[in-house]
Amino acid sequence: MKLPAYWMTRPAPPPDRRTSASFDRLLEQALANGPDEPIDYRLEAPKWQFLCHAADRGRLLLHGSGDPVISRFEPRQPDDNSEFGNRRAVFAAGDGLWPMYYAILHRDRHPMSLINGCARFANGNERLGEPHYYFSISAQALKQQPWRPGTVYLLPAGTFELQPRMQVGNVSVQLAQWASPVPVTPVAKLTVQPADFPFLDQIHGHDDERVWTRAAADPEGFPWHEEA
């Protein structure tokens, strides 16, 4: 299956067994310490690998924010064009890279719209492949390099529902978005810097007028995940 060039895969290589074991130990310690203080990250491996490892285990979901002191996530109603996203809920990602994008964007200082996605694809009865990513913000905001330090929160997955698969032609698409209709208390958090995000130089800039015109014509269009 050939995807458009703007879909990117996780940087290679994946962590080796020794690194994965160090991630497990750090995660166990972080969960024991709780969410009051950020994880004391001193490993040589990049933070995004640790976050992906935590998400890929399946018991935790991740949420990125510029607020470093969230003790409880309350359901909110986002301005989202998709049926799944247009609900009052706590949203999180079953992926480690996607929430980093939200964590490092300084949207309070730089108004912007977002188009982004994290998805796995399969043709017919094939198994879903590796995650692919796309990141874009308003072109005018991109010129300002609107980055900031942020926080990625680790959330228990128990109350969350995974967004249903989409079918685009003969391709099955699984987005990494989850939603909880009830409040969620984080179990750990990690401070991230813009330089920790491996796709920082590959964030695209889009024309807002063109994007919203397209969204109005096709509100369930893919691959766009849009948010004001």
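Data block above holds the structure.
Residues numbered from 1 in each chain as written. Predicted model: local features only at pLDDT ≥ 70, side-chain atom pairs only at ≥ 80, totals over all residues. Heavy atoms only, no water.

J.: Any chance you could explain the overall build of the protein chain here in plain terms?
T.: Across its full length, the protein chain carries 5 helices and 13 strands. Radius of gyration (C-alpha) of the protein chain: 17 Å, near the 17 Å computed for a compact globule of 228 residues. Along the three orthogonal principal directions, the C-alpha set of the protein chain runs to about 50 × 45 × 35 Å. Taken over 228 residues, the protein chain has a buried fraction of 50%. A fraction of 77% describes how many contacts in the protein chain between residues 6 or more apart in sequence connect residues 24 or more apart. With an accessible surface of roughly 11900 Å², the protein chain has 48% of that area assigned to carbon and sulfur atoms. The protein chain carries 23 positive and 27 negative side-chain charges, and their two centres are separated by 4 Å. (Helix = DSSP H or I, 4+ residues; strand = E, 2+ residues; numbered from the N terminus. Rg over C-alpha atoms; globule rule 2.2 N^0.38 Å. Buried < 20%, exposed > 50% of the residue type's maximum accessible area, 1.4 Å probe, protein only. Contact = heavy atoms within 4.5 Å. Areas by Shrake-Rupley, 256 points an atom, 1.4 Å probe, with all protein chains shown as cover. Lys, Arg positive; Asp, Glu negative; His and termini not counted. Charge placed at Lys NZ, Arg CZ, Asp CG, Glu CD.)

J.: Is there a simple way to think about the nonpolar core in this case?
T.: Burial of nonpolar side chains together is a common tendency in soluble globular proteins. Ranked by size, the top nonpolar core spans 44 residues in total, and within it F50, L51, Y101, F135, I137, F197 and I203 carry the most contacts. Dropping the residues within four chain positions of it, L51 is found in contact with L62, G96, M100, V152, L154, L190 and V192. (Core = buried A, V, L, I, M, F, W, Y, C linked by side-chain atoms within 4.5 Å.)

J.: Honestly, the environment of W7 in this entry has me stumped. Any pointers?
T.: Assignment of secondary structure puts W7 in the segment before β1 (8-9). On the accessibility criterion, W7 (8% relative accessible area) is buried. Distance in space between the C-alpha atoms of W7 and L155 is 27 Å, their sequence separation being 148 residues.

J.: Mind showing me how you'd approach the packing of helix α1 (residues 17-33) against helix α2 (residues 47-56) here?
T.: It is at 10 Å that the axes of α1 and α2 come closest, and there the two elements cross at 75°. Taken together, α1 and α2 sit at an angle that is classed as roughly perpendicular. Taken together, the residues of α2 that come into contact with α1 (itself represented by S20, F23, D24, L26 and L27) are Q49, F50, H53 and A54. A class-by-class count of the residues in the contact of α1 with α2 yields 5 nonpolar, 3 polar and 1 charged. (Axes fitted to C-alpha atoms, helices over the stretch in contact; angles between N-to-C directions. Parallel < 35°, antiparallel > 145°, perpendicular 65-115°, else oblique. Nonpolar A, V, L, I, M, F, W, Y, C, P; charged D, E, K, R; others polar.)

J.: What exactly am I supposed to notice about α1 here?
T.: Residues three or four positions apart in an α-helix share a direction because the helix packs 3.6 residues into each turn. Here α1 contains 17 residues, and its C-alpha end-to-end distance of 24 Å stays within 8% of the 24 Å for a straight helix at 1.5 Å per residue. Within α1, the full set of buried residues consists of T19, S20, S22, F23, L26, L27 and A30. All buried residues of α1 project into a common sector of 155° when viewed along the axis, lining one side. Exposed side of α1, more than 90 degrees from the buried face: R17, R18, R25, E28 and A32 are the residues found there. (Expected span 1.5 Å × (residues − 1). Arc of directions from axis to C-beta.)

J.: Can you help me understand the pattern of salt bridges in this one?
T.: Side-chain pairing between opposite charges can occur once the charged atoms of the two side chains come close. Scanning the entire structure with this criterion turns up 7 salt bridges. A salt bridge links D56 to R10; the nearest nitrogen and oxygen atoms lie 2.8 Å apart. Taken together, the residues D56 in helix α2 and R10 in the loop between β1 and α1 connect sequence positions 46 residues apart. The class for D56 is partly exposed, based on a relative accessible area of 42%. The partner of R42 in a salt bridge is D40, and the shortest N-O contact between them spans 3.0 Å. The class for R42 is exposed, based on a relative accessible area of 71%. A network of salt bridges, in which partner residues are shared, links R10, D56 and D95. (Salt bridge = Lys/Arg side-chain N within 4 Å of Asp/Glu carboxyl O.)

J.: When you look at the side chain of H206 in this model, what are you seeing that I'm missing?
T.: Position of H206 relative to the elements: it lies in strand β12 (residues 204-206). A polar side-chain atom of H206 sits 2.7 Å from a polar atom in the side chain of S136. Residues in contact with H206, not counting those within four places in the same chain, are S113, L114, I115, S136, I137, S138, A139 and V211. (Polar contact = N/O pair within 3.5 Å; in protein donor to acceptor, adjacent residues only side chain to side chain.)

Everything listed is a geometric property; what it means functionally is a separate question.
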